[in-house]
Amino acid sequence: MDLIEKANDEGLRRMLAADPVLVDVVPAAKAIAALDDKRILLHAGPPIDWERMCGPMRGAVAGAAVFEGWVASLGDAEELAASGNMVLHPNHHFDAVGPMTGITTASMPVMVVENRAFGNCAYCTINEGLGKVMRFGGNDAEVIKRLRWLRDVLGPVMGVALRDTGGIALKGLVARGLAMGDEMHQRNVACSGLLLRALAPSLARTAADTSALAEVLAFIGGNDQFFLNIAMAMGKAMMDPVRNIDGCTVVTAMSRNGTDFGIRVSASGDDWFTAPVEMPQGLYFPGFSEADANPDMGDSTIVETIGLGGFAMGAAPAVAGFVGAGAASEAAGYTKMMAEITLRQNPEWTIPAMDYIGVPTGIDIRLVVDTGIAPTINTGIAHKEPGIGQVGAGIVRAPMKCFEDAVRAFAKSIGVA
Amino acid sequence: MPSLEIEALLDEEIIVINIGLPMFARNLDELGIKVIEVDWSPPASGDSELAHLLSRLGT
């Protein structure tokens, strides 16, 4: 159908023309004006109310309320949330994304990625590291203390340094990361190192307090997943200009809140197509099993939406073992399978080990439903109880119902029955 | 009566391309016959309503 082909060409053109640049770190309320109001909290995934939230997300909501000083205790925070006096919205509704629970509140620092080809910006909080962290539902004193350090030390230091650089262009950096074995979802070792290398001169030049600088360098250097949140903001900045193209069947967002999985499609703008989220299949840290796991969660699937993560598994065979996807030689198979449901390869993001094919780009809801192949997502696994944290990593499939409903709605919208 | 071409074909080594149920390929494999299996499933996993819509939408 000519309308769809032309619309999808335009969608792909916008995706591939994107120029994402990491430009700043600012308090979330400075980037997202709505957070200036009291007791507004953003979360991962499609819309959800407190009653339907899973354990880790409730834990993170409660921890964030304590962090912001809205209440004195976690118990008070739960009462506040249950009373309806805390306003909950998806990150995606405010140009933002967040990993796992994805909680974003007013004073949390967010990294700013500007898409210079289209003039829009997207935001994501700073990666807290592994273990007991808020993105996995952690909410005790140790978690809150780290968040305060991110707010008071790392965020401001990194923001000043980024402004000094004039911005760090991300497309080329990601291309190098792919060649060095990253897929930007469960492996960000190379890109985290490349980012630090690009940022270090400005950090050294602008940091007034050398002991704070040493802490910042140690934190970034010690966190292999530091770049994940930057890749996510990049993905959001790349995909937002693809929204609202009449006739375009390209997926512009995939996201999960631990209860529902949701997708957005270009032609249907801000509508969500949702289905119950699935349980990741993967490997567990010692002492944990599937019985401990929470269903899939987070806005991080924005990286699969732009052709990275599970779609770029062929670039990162080490990840296949880490997420329990089989032998390293099977990694390329995932990338080839994702090519069945996408419209193009990205010529700027290639996989050397696969004869430099480009990562599969532009998920087409028609191809997903026609082939029966659901997008493959590499993901972390959170404990189902709040406050414990990450217990493993694995692979999960997007529920087919989201895509089937999207196809039906799209067909109806253009008068096809 | 099979045609001469078919008879000649069966005199040579047979390589089968199987599209559909994997069981067919397994049976032939157990008989020592080479089988190339095509990973195929009906459009829209056999949902005729969705398959019809998709055909109208250009897939």
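A few points on the structure. Every value quoted in this text rests on a predicted model; they were computed, and no experiment measured them.

Structural notes on unusual backbone geometry
Backbone phi values are negative for most residues with the exception of glycine, while trans is the configuration of most peptide bonds.
Residues and elements named next belong to chain A.
So, point 1. In this structure, Asp95 is a non-glycine residue whose phi angle is positive, near 60°.
So, point 2. Inspection of the secondary structure assignment puts Asp95 in the loop between β3 (87-90) and β4 (96-97).
So, point 3. Owing to a relative accessible area of 33%, Asp95 belongs among the partly exposed residues under this scheme.
So, point 4. For Tyr356, which is not a glycine, the phi torsion comes out positive at approximately 60°.
So, point 5. Its location among the elements puts Tyr356 in the loop between β13 (342-351) and β14 (357-363).

Let's talk about the pattern of salt bridges
Residues and elements named next belong to chain A.
So, point 1. Enumeration according to the criterion identifies 25 salt bridges over all chains in this entry.
So, point 2. Among the salt bridges present, the one from Asp9 reaches Arg344, with a minimum N-O distance of 2.8 Å. On the criterion of sequence distance, the pair formed by Asp9 in helix α1 (residues 2-17) and Arg344 in strand β13 is long-range, its members being 335 residues apart.
So, point 3. Given a relative accessible area of 42%, Asp9 falls into the partly exposed group.

Side note on the interface of chain A and chain B
So, point 1. Taken together, the contact pairs 15 residues of chain A with 15 residues of chain B.
So, point 2. When chain A packs against chain B, close to 1,200 Å² is buried across both sides, 63% of that on carbon and sulfur atoms.
So, point 3. By the criterion of area lost to chain B, the three top residues of chain A are A:Arg366, A:Asp370 and A:Arg408, representing 38% of everything that side buries.
So, point 4. Our count for the chain A to chain B interface comes out at 2 salt bridges.
So, point 5. The partner of B:Asp47 in a salt bridge is A:Arg408, with the nearest N and O atoms 3.8 Å apart.
So, point 6. Counting every contact that joins chain A to chain B gives 4 residue pairs in polar contact (both at pLDDT 80 or more).
So, point 7. Put simply, the parts of the chain that give the side of chain A that touches chain B at least two residues each are α13 (365-371) and α14 (400-413) of chain A.
So, point 8. Here the side of chain A that touches chain B is built from residues that sort into 9 nonpolar, 2 polar and 4 charged.

Thoughts on the packing of aromatic side chains
Residues and elements named next belong to chain A.
So, point 1. Counting across every chain of the model gives 1 aromatic pair over all chains.
So, point 2. Pairing Trp149 with Phe219 gives two aromatic rings, centres 5.2 Å apart and planes at 55°, and the pair type is tilted. Highlighted residues: Trp149 in helix α5 (residues 141-165) and Phe219 in helix α8 (residues 210-221), separated in sequence by 70 residues. Each member of the pair, Trp149 as well as Phe219, is classed as buried.

Conventions and cut-offs
- The numbering scheme is per chain: residues are counted from 1 as the chain's sequence reads.
- Here the convention is simple: chains get letters from A, ligands get numbers from 1, in the order in which they are written.
- In keeping with the model being predicted, local features are shown solely for residues with a pLDDT of at least 70 and side-chain atom pairs are shown and tallied solely at 80 or more, while totals for entire chains, interfaces and linings include all residues.
- The side-chain figures draw on all heavy atoms in the structure; neither hydrogens nor water molecules are used.
- Each helix corresponds to a stretch of at least 4 residues labelled H or I by DSSP, and each strand to a stretch of at least 2 residues labelled E; elements are numbered beginning at the N terminus.
- A simple rule labels every residue: compare its accessible area, found with a 1.4 Å probe on the protein chains alone, to the largest value its type can have, and call it buried under 20%, exposed over 50%, or partly exposed in between.
- Each reported salt bridge corresponds to a side-chain nitrogen of Lys or Arg within 4 Å of a carboxyl oxygen of Asp or Glu.
- Whether two residues are in contact is decided by their heavy atoms, any of which lying within 4.5 Å being enough.
- The buried area of a pairing is the accessible area, by a 1.4 Å probe, that goes missing from both parts when the two are put together, added over both.
- Polar contact criterion, stated in full: a pair of N or O atoms within 3.5 Å, where within protein one must be able to donate a hydrogen and the other to accept it, and residues adjacent in sequence count only if both atoms are side-chain atoms.
- Under this grouping Gly is polar, as are all residues other than the nonpolar Ala, Val, Leu, Ile, Met, Phe, Trp, Tyr, Cys and Pro and the charged Asp, Glu, Lys and Arg.
- In this scheme Phe, Tyr and Trp rings, the latter by its six-membered ring, pair at centre separations within 6.5 Å, and the angle between planes marks the pair as stacked below 30 degrees, edge-to-face above 60, and tilted otherwise.

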